[in-house]
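Residue-level structure breakdown
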Amino acid sequence: MSDRIAIVMAGGSGERFWPLSRKNHPKQLLRITNPEQSMLAECVSHIQPILSSDRILVVTGKQLTEAIRENQELDIPAQNILGEPHKRNTAGAILYAVANVMAQEGEQAAEPTLAILTADHRIGEAEEYRKSVDAAMEAAEKNDTLVTLGIRPSRPETGYGYIELPEDPTPLYKSQNGQHIYPVVQFREKPDQETANSYAQSNRFLWNSGMFFWKVRTFLQELKQAQPQMYNTLLDISEALKANDTETASQRFSELEDISIDY
């Protein structure tokens, strides 16, 4: 669907995989989960059956832009590889990608539905994953809401964030492919071991995948309410990019808070 866009976050440095992963060759460019593909190429290939290549954007650090553009594994246009001017966590990565979408889409900029995906996940069942992505985007379109993917915990894990569901979760929405969408009570940051044990024993806590789905218009409304300063900066960056004023876009981007989109 032409009104759907995937944004793949690929800016991590992969420090936990050092020395295999380096600053200019981080984990998303390594063949860790598939001997035939890098993690980034695998992420893109997982989504291509439901989105055309020209509707897939990769946002990364500016030092990685050329390396990713030259990666023969990626079947997406070179101009769809976006290099962040500065490192500003996942909020900055998403805002920069959204600013580019707004600059490119013009008057229709508020209409696309975005899938914010990660380049460092191992996806065991690609077809089921695509069903979840499709359902999440459908829910975002039909309900003007923010949607995220949760992962059922297989063990107590203190290194992940969690998504809390209601005590008696009732689906808010059922997608056309039969997926249920539930309300989120709150995000829970990385717990201690005792708390992680209790989360794993409950059916109310899911691992936070870090993937998000929303219409641009809905995201702008929520951002304006939660972070009005970031919202204004996003508009300025978009206008600068529309005018091909990369210097102003970089300057305004540098003023963004270094913060996760979850917060």
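For the structure itself, look to the data block above.
All values derive from a computational prediction rather than experimental measurement. (Residues numbered from 1 in each chain as written. Predicted model: local features only at pLDDT ≥ 70, side-chain atom pairs only at ≥ 80, totals over all residues. Heavy atoms only, no water.)

**Some thoughts on the overall build of the chain**
Helix and strand counts for the chain stand at eight helices and 10 strands. When contacts within the chain are restricted to residue pairs at least 6 apart in sequence, long-range pairs at least 24 apart make up 71% of them. Accessible surface, the chain: about 13,500 Å² in total, of which carbon and sulfur atoms supply 45%. (Helix = DSSP H or I, 4+ residues; strand = E, 2+ residues; numbered from the N terminus. Contact = heavy atoms within 4.5 Å. Areas by Shrake-Rupley, 256 points an atom, 1.4 Å probe, with all protein chains shown as cover.)

**Concerning the packing of helix H1 (residues 39–47) against helix H4 (residues 126–143)**
Taken N-terminus to C-terminus, the directions of H1 and H4 make an angle of 65°; their axes are 9 Å apart at the nearest point. If you check the angle between H1 and H4, you find them roughly perpendicular. Of the two possible hands of crossing, H1 and H4 adopt the one that is right-handed. The residues of H4 that touch H1, namely those facing Ser45, His46 and Ile47, are Ala126, Tyr129, Arg130 and Val133. (Axes fitted to C-alpha atoms, helices over the stretch in contact; angles between N-to-C directions. Parallel < 35°, antiparallel > 145°, perpendicular 65-115°, else oblique. Left-handed = near helix turned anticlockwise from the far one by under 90°.)

**Here's the deal with the environment of Ile47**
Structurally, the position occupied by Ile47 is in helix H1. Residue classification places Ile47 among the buried positions, given a relative accessible area of 0%. Filtering out sequence-adjacent residues up to four positions away, Ile47 remains in contact with Ala6, Ile56, Leu117 and Val133. (Buried < 20%, exposed > 50% of the residue type's maximum accessible area, 1.4 Å probe, protein only.)

**Concerning helix H6 (residues 216–226)**
Within H6 the residues assigned to the buried category are Val216, Thr218, Phe219, Leu220 and Leu223. Packing partners of the buried residues in H6 comprise helix H3 (89–105), strand E4 (113–118), strand E10 (205–215) and helix H7 (228–242).

**Overview of the nonpolar core**
The biggest cluster of nonpolar side chains holds 36 residues, and the ones touching the most others in it are Phe219 and Leu234. At the level of secondary structure, the elements contributing two or more residues to this core comprise strand E1 (4–9), strand E2 (56–61), H3, E4, E10, H6, H7 and helix H8 (246–254). With 11 residues, the single largest contributor to this core is H3. Those residues in contact with Phe219 that sit more than four places away from it in its chain are Ile94, Leu95, Val98, Leu146, Trp214, Leu234 and Ile261. (Core = buried A, V, L, I, M, F, W, Y, C linked by side-chain atoms within 4.5 Å.)

**Side note on the side chain of Arg130**
Among the secondary structure elements, Arg130 is positioned in helix H4. Here Glu127 takes part through its side chain, which lies 3.2 Å from a polar atom of the side chain of Arg130. In contact with Arg130, other than residues within four places in its own chain, are Ser45, His46, Pro49 and Ile50. (Polar contact = N/O pair within 3.5 Å; in protein donor to acceptor, adjacent residues only side chain to side chain.)

**Some remarks on the pairing of E2**
Among the six residues in E2, six count as buried, and that is most of the element. Both E1 and E2 contribute to a ladder of four bridges, which runs parallel. Bridging from a neighbouring strand, Val8 pairs with Val58 of E2. Of the pairings in the sheet, the one linking E2 to strand E3 (residues 81–84) comprises four bridges and is parallel in character. Each residue of the ladder has a partner; that of Val59, found in E3, is Leu82. (Pairing = 2+ DSSP bridges.)

**Notes on unusual backbone geometry**
Here Asn89, not a glycine, exhibits a phi torsion of approximately 60°, which is positive. Counting through the fold element by element, Asn89 comes out in helix H3. Here Asn89 falls in the partly exposed class, since its relative accessible area comes to 36%.

**Re the packing of H7 against H8**
Direction vectors running N to C along H7 and H8 enclose 165°, while the axes themselves pass 8 Å from each other. Classified by the angle their axes make, H7 and H8 are roughly antiparallel. For the pair H7 and H8, the sense of crossing is left-handed. Each of Asn232, Thr233, Asp236, Ile237, Ala240 and Leu241 in H7 lies in contact with H8, whose residues at this interface are Thr248, Ala249, Arg252 and Phe253. Here the residues of the contact of H7 with H8 sort into five nonpolar, three polar and two charged. (Nonpolar A, V, L, I, M, F, W, Y, C, P; charged D, E, K, R; others polar.)

On their own, these measurements won't tell you what the molecule is for.
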